[in-house]
Amino acid sequence: MQENRIRKIIHIDMDAFYASVEQRDHPELRGKPIAVGHAEERGVVATASYEARRYGVHSAMSSQKAKRLCPQLIFIPGRMEVYKEVSGQIQEIFREYTDLIEPLSLDEAFLDVTDNKQHIELAVDIAKEIKQHIRKELHLVASAGVSYNKFLAKIASDYRKPDGLFVIHPNRAQHFIDRLPIESFWGVGPVTAQKMHRLGIHKGEELKSCSLSMLTRQFGKAGIIYYNFARGIDNRPVEAIRIRKSIGCERTLEKDIYQRSAVIIELYHVATELVERLKRKDFHGNTLTLKIKFHDFKQITRSITQTKELNELNTILPLAKQLMGEVDYEQHPIRLIGLSVSNPKEDEHGTWRQLELDFSEE
Ligand code: DCP
Ligand code: MG
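What you see is a predicted model; the values in this text were computed from it and never measured.

(A) View of the domain arrangement of the chain. When its domains are assigned, the chain resolves into domain 1 (1-169), domain 2 (173-229) and domain 3 (246-344). With centres defined by C-alpha atoms, the gap from domain 2 to domain 3 works out at 53 Å.

(B) Broad picture of the pairing of strand 10 (residues 287-294). Burial analysis of strand 10 places seven of its eight residues in the buried class, which makes it a mostly covered element. In this structure, the hairpin formed by strand 10 and strand 11 (residues 299-305) is closed by a connection of four residues, where Phe297 is found at a positive phi of approximately 70°. Pairing geometry for strand 10 and strand 12 (residues 334-342), over eight bridges, is antiparallel. Each bridged residue has a counterpart across the sheet, and for Thr289 the counterpart in strand 12 is Ser340.

(C) Molecular detail of the pattern of salt bridges. Counting across every chain of the model gives 21 salt bridges. Taken together, the shared-partner salt bridges connect Glu22, Arg24, Asp25 and Arg79 into one network.

(D) The site of ligand 1, seen in detail. Taken together, 14 residues form the shell around ligand 1, and within it Ala16, Thr47, Tyr50, Arg53 and Asp107 come nearest. The separation between an oxygen atom of ligand 1 and a polar main-chain atom of Tyr18 is 3.0 Å. At a separation of 3.5 Å, a nitrogen atom of ligand 1 approaches a polar backbone atom of Ala46. For ligand 1, the accessible surface in isolation is 550 Å², of which the surrounding protein chains cover 69%. Elements with a minimum of two residues in the shell around ligand 1: strand 1 (9-14), helix 1 (17-25), strand 3 (45-48) and helix 2 (50-53).

(E) Spotlight on the packing of helix 1 against helix 4 (residues 80-95). Remark: helix 1 packs on helix 4, axes separated minimally by 11 Å, with the N-to-C direction vectors making an angle of 100°. The pairing of helix 1 with helix 4 is recorded here as roughly perpendicular in orientation. Contacts from Phe17, Tyr18, Val21, Glu22, Arg24 and Asp25 in helix 1 reach Met80, Val82, Tyr83, Val86, Ser87 and Ile90 in helix 4. Considering only residue class, the contact of helix 1 with helix 4 consists of eight nonpolar, one polar and three charged.

Rules of the game
Residues numbered from 1 in each chain as written. Chains lettered and ligands numbered in written order. Predicted model: local features only at pLDDT ≥ 70, side-chain atom pairs only at ≥ 80, totals over all residues. Heavy atoms only, no water. Domains from an automatic or database assignment. Buried < 20%, exposed > 50% of the residue type's maximum accessible area, 1.4 Å probe, protein only. Helix = DSSP H or I, 4+ residues; strand = E, 2+ residues; numbered from the N terminus. Pairing = 2+ DSSP bridges. Salt bridge = Lys/Arg side-chain N within 4 Å of Asp/Glu carboxyl O. Near = heavy atom within 4 Å. Polar contact = N/O pair within 3.5 Å; in protein donor to acceptor, adjacent residues only side chain to side chain. Areas by Shrake-Rupley, 256 points an atom, 1.4 Å probe, with all protein chains shown as cover. Axes fitted to C-alpha atoms, helices over the stretch in contact; angles between N-to-C directions. Parallel < 35°, antiparallel > 145°, perpendicular 65-115°, else oblique. Contact = heavy atoms within 4.5 Å. Nonpolar A, V, L, I, M, F, W, Y, C, P; charged D, E, K, R; others polar.

As C-alpha cells, then:
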C-alpha cells in the first residue's frame, strides 16, 4: 500500500544553528561575524554566522585559520544544553504535523508528512508553516527541502540556504538530478568525488549513464545507491526514533527449576545483568516487572511500582524476590526468568497505559 504512493518528505536544517542561537540570545552579536568555539591555538570552529562565512570561515576550520581569514571574528563558547533545549522545541513544532520524525542531528530532521495530523494536502505548505513557527516562536531561521524521498528532500533544503524553501517535484526530479554536481550527492565525500572525476563523472547525468555493474565494481555496495540516486530512487523510510519505554533482560534456564535456592540464584543473575543494562543505557524507571515462563510454556508477569527509581541491585533484587514470592513454582517448574524496569507515563486521557515490555537482547 504505502510503497505505491508518492511520499511527502520534508527535510529541515537550521541555518548556522549554534551561531544563530547565540546571536538571538545576545543582541549585540547580531549582524557580526561570530564563530562558536574556542579561539585558542588548538581550537576549532563548530560553526560560523553567515556574516563570518563571507570571509570563508566554516565548521571544522581551525580557529587560527579562521582568525587569519577574518581578524574581527568574535569567538563565543558553545552552550550545548541550550542547543539541546532548542532542538527539543523544534521537534515539538514538527510533532504538530507528524510523529514520523527522524532527527539526524540537533538541528536537522526528516519528516514524513504523507499522512499528516492536520490533513494538509501539500507538503510545501507544511514546510512553510514550520518555518514560520520556528521564526515566530523560537526567533530562529530554518531551511526546508520538500520532495518524495529523503535523498532529494535533503538536497533541496541545502539548495537555497539560508532561509531556503525548495521543492523537487517528481516531474522535475530527473532534470534536477541530471544537472547536479556529483559532490552534492548524498554519501559522496571528497575522496569519492575525486574518484568519480577520474572516471569522467562530474554530474548526475554522467552518473546515470554508468552501468550498475561498473558502479558496484568501482564503489562496492555504495554503487547500487549511486545508481538509484542518479534515477531519483531512494526507498529508505523516515524512521522515527523509538522512545524506550522499558529495559529488560531474561534467561532461559539450562533445565527447568523448582527449588527456591536455584530460583534465587537465577534471579540474582538476571537482576545483575538488568542493572548493568540500566546503567549502560542511562535508563530511569520505577516499575519492576517479573516475567516467568513455566515448563509448559505458559507465561505470567507480575509488576510492582515504587516511588523511588530502580537502578541498583540492592533495590531491585528484594523487589524481584517479593514478586517471585507470588509465584507457585514448586508445582510448576520454571524454564525462563525475565526482569524489566519500565516507566509508566499517564497518557492523554489520564489513564495508565499498558506498556509493551522490551526484553530484546542487545
Ligand atoms: N557542528 C559542529 N561541528 C561540525 C559541524 C557542525 O559542532 N563540524 C554543529 C554546529 C552547527 C550544528 O552542528 O551549528 C549544525 O550543523 P550544520 O552542518 O547544519 O551547520 P549549521 O546549522 O551551523 O549551518 P547551515 O546553515 O549550513 O546548516
Ligand atoms: Mg544547519
